[in-house]
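# What the coordinates show
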Amino acid sequence: MLKAFAYRIYPTKPQLKGLEEHLNRTRELYNAALQERRDAYKKTGRSVTAFEQMGSLVEVKEGRPEYRRIHAHVLQGVITQLDRAFQGFFRRVKAGEKAGYPRFKSKDRWDSFHFKQVWDNSRDNWFGPGKPVGSNRIRLPNIGDVRIKWHRPLAGRPKTLTIKRDGEHWYAVYVCEVEPQPLPATGGEVGIDLGVNPNFLVTSDGEFVPAPHYYRKAEAKLRRQQRVVSRRKRGGGGRKKAVAALKRLHRKVRNQRKDFHHKTARKLLEANDVVYHENLSAKAMSRSRLSKSILDMGWGQFLNILYGKAAEAGRRVVGVNPAYTSQICSGCGHVQKVPIGKPYECGACGLVIHRDVNAALNILRMGRGVYPSADGQGLPLGESGEVAHARRPQKPPALAVG
Ligand SMILES: [Zn+2]
């Protein structure tokens, strides 16, 4: 399996120039290659292939000698990246989804370049780019030996290297092939209901993971700083400074959020063999557009981390259809509307339970594929995953179960 390891790097001034040159040239190449595909399509109705564009890199180097200062793999990587953007576009079109045609990249939207091979498999040794030299430097072709902070050891076999800018910080991200390290089985399975406030998630075991405070505080700060930026004049020095401050804030929030997601995921997987969650897109769609964009980021990243860690630990993470998870009674299968902010009070069996715990229990049961009723018989699931209503018991059971 693949795992990413990111390290901060500290370029000198000349090295910084080299890095920026790499960003500029790769962005220019991306946009030019995109233009070529657009033109070709307009003129002939067929697109240029990645293979053809890779082939013309030789000519690019002849016409523009500055491109010779960029490693061939980096240039090929740009073409691959564009090709992926097109593949994604065509796939979405085919699937009938909303699909934006690949766009030209502005300076603000271009902050990394890639070396597609850092390990020589035939010799089982470093291929070149990103090779550690001495104890605290890595070799970047045409840039130099850049200082790096190895805050944790690189593990497994490195495959690719991405050099990334984040505000004024730079990072080297190695993607490595690592052996999974299975955790011992616990026999535990859990359903989780993802939320925003006050809880980030609630489990079917009745555990509450509150949304951390810094999260909300930082988001308020971000909004304030965003307003500062929009008040400043375009192109002015004040605006530049404000934008830099905003980027720093964003990075801080991002890192804090990521840490929190890692910790939360680790805890869930240590205690459980299987984690069931709601499929995200459907849940997010039920929210307003604004909250959706905020939430997608948080939930999507958390689930990515959860899936990644699970693969590494030999655990399972399963998405279920979120239909009716908040309306079904986890005790008897009765379906009813629940007023916002109130606990779930079942009109059929009398069960009173925290609404999010109720939802998490439903997610757990749907994930297992059977929805047990109070009489222990189990209700079969309908095709879309919700309880088949026709099989609901006619009489409410006498006992409430939690
Ligand atoms: Zn009930």
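Here is what the cut-offs are and how they apply
Residues numbered from 1 in each chain as written. Predicted model: local features only at pLDDT ≥ 70, side-chain atom pairs only at ≥ 80, totals over all residues. Heavy atoms only, no water. Pairing = 2+ DSSP bridges. Helix = DSSP H or I, 4+ residues; strand = E, 2+ residues; numbered from the N terminus. Axes fitted to C-alpha atoms, helices over the stretch in contact; angles between N-to-C directions. Contact = heavy atoms within 4.5 Å. Expected span 1.5 Å × (residues − 1). Buried < 20%, exposed > 50% of the residue type's maximum accessible area, 1.4 Å probe, protein only. Donors = N, O, S within 2.8 Å, 3.2 Å for Na, K, Ca; no water. Tetrahedral: all angles 85-135°; square planar, octahedral: opposite > 155°, others 65-115°. Salt bridge = Lys/Arg side-chain N within 4 Å of Asp/Glu carboxyl O. Core = buried A, V, L, I, M, F, W, Y, C linked by side-chain atoms within 4.5 Å.

Where an unreviewed UniProt entry is consulted, the protein appears under the name Transposase, IS605 OrfB family, with the organism given as Meiothermus granaticius NBRC 107808.

Turning to the sheet that holds strand β14 (residues 316-320), a few remarks are in order. One open sheet holds the five strands; their spatial order is β12-β11-β10-β13-β14, and the pairing between them is mixed. Only two strands of the sheet have a single partner each, and these edge strands are β12 (208-210) and β14. Taken over all neighbouring pairs, the strand axes of this sheet differ in orientation by 20° on average, direction set aside. One ladder, built from three bridges, connects strand β10 (residues 189-194) with strand β13 (residues 274-278); its direction is parallel. Each residue of the ladder has a partner; that of valine 190, found in β13, is valine 275. Packing of helix α6 (residues 237-271) onto the sheet brings it into contact with β10, β11 (199-203), β12 and β13, and relative to β11 it is tilted by some 5°. Across the face of the sheet, helix α9 (residues 355-368) comes into contact with β10, β11, β12, β13 and β14 while running at roughly 130° to β10.

This part covers helix α4 (residues 72-94). Compared with the 33 Å implied by 1.5 Å per residue over 23 residues, the 33 Å span of α4 between its first and last C-alpha is a close match. Among the residues making up α4, those that are buried are His73, Val74, Leu75, Gly77, Val78, Ile79, Leu82, Asp83, Phe86, Gly88 and Phe89. Its buried side turned inward, α4 meets α1 (13-44), α2 (50-55), α3 (57-63) and β2 (112-115). Positive backbone phi, at 75°, marks glycine 96, one or two positions downstream of α4.

Turning next to the coordination of the zinc ion. Coordination sphere of the zinc ion, protein contribution only: Cys329 (SG), Cys332 (SG), Cys346 (SG) and Cys349 (SG), at 2.2 to 2.3 Å. For the zinc ion, the four donor atoms are set out with angles of 107 to 112° between them, so the coordination reads as tetrahedral. Look at where the donors of the zinc ion fall in the sequence and you get C-x2-C-x13-C-x2-C. By the burial criterion, cysteine 346 is buried, and cysteine 349 matches it.

What follows deals with the sheet that holds strand β7 (residues 144-148). Within a beta sheet, neighbouring strands are joined by backbone hydrogen bonds and run either parallel or antiparallel to one another. Taken together, the seven strands give an open sheet; going across it, the order is β2-β8-β9-β1-β7-β6-β5, and neighbouring strands pair in antiparallel fashion. The two strands at the open ends of the sheet, each matched to only one other strand, are β2 and β5 (131-133). Taking each pair of neighbouring strands and ignoring which way they run, the sheet shows an average axis angle of 40°. Pairing of strand β8 (residues 157-166) with strand β9 (residues 169-177) involves nine bridges; the strand directions are antiparallel. In the sheet register, proline 158 faces β9, and the bridge partner there is cysteine 176. Lying on the sheet, α1 is in contact with β1 (2-10), β2, β6 (137-140), β7, β8 and β9; it crosses β2 at an angle near 90°.

The subject of this paragraph is the pattern of salt bridges. The final tally for this structure, using the stated rule, is 17 salt bridges. Between aspartate 83 and arginine 37 there is a salt bridge whose closest N-O contact spans 3.0 Å. Placement of the pair is aspartate 83 in helix α4 and arginine 37 in helix α1, with a sequence separation of 46 residues. With respect to class, aspartate 83 is no different from arginine 37; both count as buried. Close ionic contact of glutamate 189 with arginine 368 constitutes a salt bridge, the shortest N to O distance being 2.9 Å. Of this pair, glutamate 189 sits in strand β10 while arginine 368 is found in helix α9, placing the two residues 179 residues apart along the sequence. The class of glutamate 189 is partly exposed, set by a relative accessible area of 25%. On the basis of relative accessible area, arginine 368 is assigned to the partly exposed category, the value being 47%. Linked through salt bridges whose partners overlap, the residues forming this network are Glu21, Arg25, Glu28, Arg64, Glu66 and Arg69.

Turning to the nonpolar core, a few remarks are in order. Leu140, Ile163 and Tyr174 are the most contacted members of the largest nonpolar core, which totals 37 residues. Looking at this core, the elements with two or more residues in it are β1, α1, α4, β2, β6, β7, β8 and β9. In contact with isoleucine 163, other than residues within four places in its own chain, are Ile9, Leu19, Asp111, Ser112, Phe113, Phe115, Leu140, Trp170, Tyr171 and Ala172. Val190, Phe260, Leu269 and Leu280 belong to the second largest nonpolar core, which has 20 residues in total.

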